[in-house]
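Read off the chains here:
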Amino acid sequence: MLKALGRLFASEGLRAEEFSDPALFMKYARSHPVRLAVIDIRMPGMSGLEVLAELRADSPETRVIIMTGENDSGHRTAALAGGASAFFLKPFDDEAFLAAVRQAIAPDA
């Protein structure tokens, strides 16, 4: 999924850093501006909801899109209540996802 999203972003002329380790991403985010983070619920070491909470505390201006392969309404509710700007169930429509990305990185977002 990580590689596929990287290719999708590249096809739209968007630059993306790819992290498979949430701890490494958080270290990066603490020292670099991050406009948008796309986070999966299931990751090694930390859940996407944990990363969302840390990111919101450390970098409240960062927009977050959460995705998951698990159809659990509790995840959606927790993600949106925790500050995610969008939530996607995999597999998702690329155009709908890109629309959410564009909205999240818009200058007035």
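Further up the page is the structure itself.
Definitions and cut-offs
- Residues numbered from 1 in each chain as written.
- Predicted model: local features only at pLDDT ≥ 70, side-chain atom pairs only at ≥ 80, totals over all residues.
- Heavy atoms only, no water.
- Helix = DSSP H or I, 4+ residues; strand = E, 2+ residues; numbered from the N terminus.
- Contact = heavy atoms within 4.5 Å.
- Core = buried A, V, L, I, M, F, W, Y, C linked by side-chain atoms within 4.5 Å.
- Buried < 20%, exposed > 50% of the residue type's maximum accessible area, 1.4 Å probe, protein only.
- Pairing = 2+ DSSP bridges.
- Right-handed = clockwise from strand over helix to strand, strands pointing away.
- Axes fitted to C-alpha atoms, helices over the stretch in contact; angles between N-to-C directions.
- Parallel < 35°, antiparallel > 145°, perpendicular 65-115°, else oblique.
- Left-handed = near helix turned anticlockwise from the far one by under 90°.
- Expected span 1.5 Å × (residues − 1).
- Arc of directions from axis to C-beta.

Colleague: What's the story with the side chain of Thr68 in this structure? I'm lost.
Modeller: Considering the arrangement of structural elements, one finds Thr68 in strand β2 (residues 63–68). Residues contacting Thr68, with those up to four places away along its chain left out, are Asp40, Ile41, His75, Phe87, Phe88, Leu89 and Lys90.

Colleague: How should I be thinking about the nonpolar core in this particular structure?
Modeller: Of all hydrophobic cores here, the largest spans 16 residues; its most connected members are Phe25, Ala37, Ile39, Val51, Leu55, Val64 and Ile66. Breaking this core down by element, the ones donating at least two residues are α2 (22–31), β1 (36–40), α3 (48–58) and β2. Beyond its immediate sequence surroundings of up to four residues, Ile66 is in contact with Ile39, Ile41, Gly48, Leu52, Ala79, Ala84, Ala86, Phe87 and Phe88. Counting residues in each nonpolar core, the second largest holds 15 residues, with Phe9, Leu36, Phe97 and Ala104 among its members.

Colleague: For this particular structure, what's the right way to read the pairing of β1?
Modeller: Within a regular strand, side chains alternate between the sheet's two faces. Most of β1 sits inside the fold, with four of its five residues counted as buried. Across five bridges, the pairing between β1 and β2 is parallel. Bridged to Leu36 within β2 is Arg63. Handedness of the crossover is the feature at issue here: the chain leaves β1, passes through α3, returns alongside β2, and the resulting connection is right-handed.

Colleague: Is there a simple way to think about the sheet that holds strand β3 (residues 86–89) in this case?
Modeller: Pairing between sheet strands relies on hydrogen bonds along the backbone, with the strands arranged either parallel or antiparallel. Spatially, three strands are ordered β1-β2-β3 in an open sheet, and the strand pairing comes out parallel. Since the sheet does not close on itself, it has two edges, and those belong to β1 and β3, each with one partner. For this sheet the average axis-to-axis angle between neighbouring strands, irrespective of direction, equals 20 degrees. Where β2 and β3 come together, four bridges link them in parallel fashion. Looking across to β3, one finds that Ile66 is bridged to Phe87.

Colleague: How should I be thinking about the packing of helix α1 (residues 2–11) against helix α5 (residues 94–105) in this particular structure?
Modeller: Geometrically, a packed helix pair is captured by the angle between its two axes and the distance between the axes. At a closest axis distance of 12 Å, the pairing of α1 and α5 adopts a crossing angle of 70 degrees. When the axis of α1 is compared with that of α5, the two are roughly perpendicular. α5 is crossed by α1, and the crossing has right-handed handedness. Of the residues in α5, those in contact with Leu5, Leu8 and Phe9 of α1 are Asp94, Phe97, Leu98 and Val101.

Colleague: I tried to follow α5 on my own but got confused; where do I start?
Modeller: Every α-helix carries 3.6 residues per turn, so stepping three or four residues along brings you back to the same face. In this model α5 runs 16 Å from its N-terminal to its C-terminal C-alpha over twelve residues, within 8% of the 16 Å that 1.5 Å per residue would give. Here α5 has its buried residues at Phe97, Leu98, Ala100, Val101, Ala104 and Ile105. In a view along the axis of α5, the buried residues occupy a sector of 155 degrees, so they form one face of it. In this structure, α5 carries Glu95 and Gln103 as exposed residues pointing more than 90 degrees from its buried face.

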